[in-house]
Amino acid sequence: MAWQKTFTLAKRSKGCHLVTEEILSQIEAGLSGVQIGMLFLFIQHTSAALTINENYDRDMDMALDNIVPESLNWRHTDEGPDTVVVVSVSHTKTSLVGTSISVPITAGRLNLGTWQGIYLTEFRHLPHARRVVATILCVCSPVFVGLALIPHPNST
């Protein structure tokens, strides 16, 4: 089975923002009935990224600013009102962090670790709304897990 939805996250300015609950509210219908599957999230932008991290991490933004500082001699600076330096910095950080993540689904729930959460890392200073494509793929036929046979909930 495959399920897909494109949705927009709320506007946020520069920083690392925990968006697990916002994403869950958008994909609830796709999770329904999935016993074993995968969620793939893809952000359709080059100046923001998605990542999984500790769900109470306040140091990620500072660390990325030190790895990719705005003080370098950036040349690509012509994409909008907050682009004096930010565009090249944003694109570089997006390349390092990544535009997609995958999360296992077990029994209709994201199988994240105890302290893990999904983050939007916004690299532009001004607030932007960000489009995300969520794709859920799951097993559509009975699957052997260990010694147990688990039928798909829609199978007859």
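First, a word on scope: everything that follows refers to the structure included in this document. Please read these numbers as outputs of a predicted model, since none were measured by experiment. (Residues numbered from 1 in each chain as written. Predicted model: local features only at pLDDT ≥ 70, side-chain atom pairs only at ≥ 80, totals over all residues. Heavy atoms only, no water.)

**Digging into the environment of Leu120**
Here Leu120 is to be found in strand β7 (residues 116-122). Distance from Leu120 to Lys14, taken between C-alpha atoms, is 9.9 Å for residues 106 residues apart in sequence. (Helix = DSSP H or I, 4+ residues; strand = E, 2+ residues; numbered from the N terminus.)

**Examining the sheet that holds strand β2 (residues 15-18)**
Spatially, the three strands line up as an open sheet ordered β2-β7-β4, and their pairing is antiparallel. Two strands in the sheet have a free side with no partner beyond their single neighbour: β2 and β4 (48-54). Taking each pair of neighbouring strands and ignoring which way they run, the sheet shows an average axis angle of 35 degrees. Sheet analysis places β2 next to β7, joined by four bridges and oriented antiparallel. What sits directly across from His17, in β7, is Leu120. In the packing of helix α2 (residues 60-67) onto the sheet, the strands contacted are β2, β4 and β7, and the crossing angle to β2 comes to about 150 degrees. (Pairing = 2+ DSSP bridges. Axes fitted to C-alpha atoms, helices over the stretch in contact; angles between N-to-C directions. Contact = heavy atoms within 4.5 Å.)

**Topic: the nonpolar core**
Of all hydrophobic cores here, the largest spans 22 residues; its most connected members are Ile23, Ile27, Leu39, Leu41 and Leu110. At the level of secondary structure, the elements contributing two or more residues to this core comprise β1 (2-12), α1 (20-31), β3 (36-43), β4, β5 (100-106), β7 and β8 (128-138). Those residues in contact with Leu110 that sit more than four places away from it in its chain are Leu24, Ile27, Leu31, Leu39, Val103, Pro104, Ile105 and Ile118. (Core = buried A, V, L, I, M, F, W, Y, C linked by side-chain atoms within 4.5 Å. Buried < 20%, exposed > 50% of the residue type's maximum accessible area, 1.4 Å probe, protein only.)

**Structural notes on the layout of surface pockets**
In this model, the largest pocket occupies a volume close to 150 Å³. In this structure, the largest pocket is lined by Thr20, Glu21, Leu24, Arg109, Leu110, Leu112, Gly113, Thr114 and Gln116. Counting only elements with at least two residues in the lining of the largest pocket, the list comes to α1 and β6 (109-110). Element by element, the count of residues in the lining of the largest pocket is highest for α1, at three residues. (1 Å grid on protein atoms, 1.4 Å probe; cavity = no way out; pocket = protein on both sides within 12 Å on 5 of 7 lines; lining within 4 Å. Points joined across faces, edges and corners; volume = space filled by probe spheres on them.)

**Remarks on α1**
An ideal rise of 1.5 Å per residue puts 16 Å on twelve residues; α1 reaches only 14 Å between its terminal C-alpha atoms. Positioned one or two residues after α1, Gly33 has a phi angle of 85 degrees, which is positive. (Expected span 1.5 Å × (residues − 1).)

**A few points about the sheet that holds β6**
The sheet built from five strands is open, its strands ordered β1-β8-β3-β5-β6 with antiparallel pairing. Only two strands of the sheet have a single partner each, and these edge strands are β1 and β6. The strands touched by α1 are β1, β3, β5, β6 and β8; relative to β1, the strand with the most contacts, the crossing angle is about 165 degrees.

**Things to note about the environment of His45**
You can see His45 is positioned in the loop between β3 and β4. Here His45 falls in the buried class, since its relative accessible area comes to 14%. A sequence separation of 46 residues divides His45 from His91, and the C-alpha atoms of the two residues are 9.2 Å apart. With sequence-adjacent residues up to four places away left out, His45 is seen in contact with Thr94, Thr99, Ala129, Arg130 and Arg131. Among the polar contacts listed, one links the side chain of His45 to the backbone nitrogen of Arg131, at a separation of 2.8 Å. (Polar contact = N/O pair within 3.5 Å; in protein donor to acceptor, adjacent residues only side chain to side chain.)

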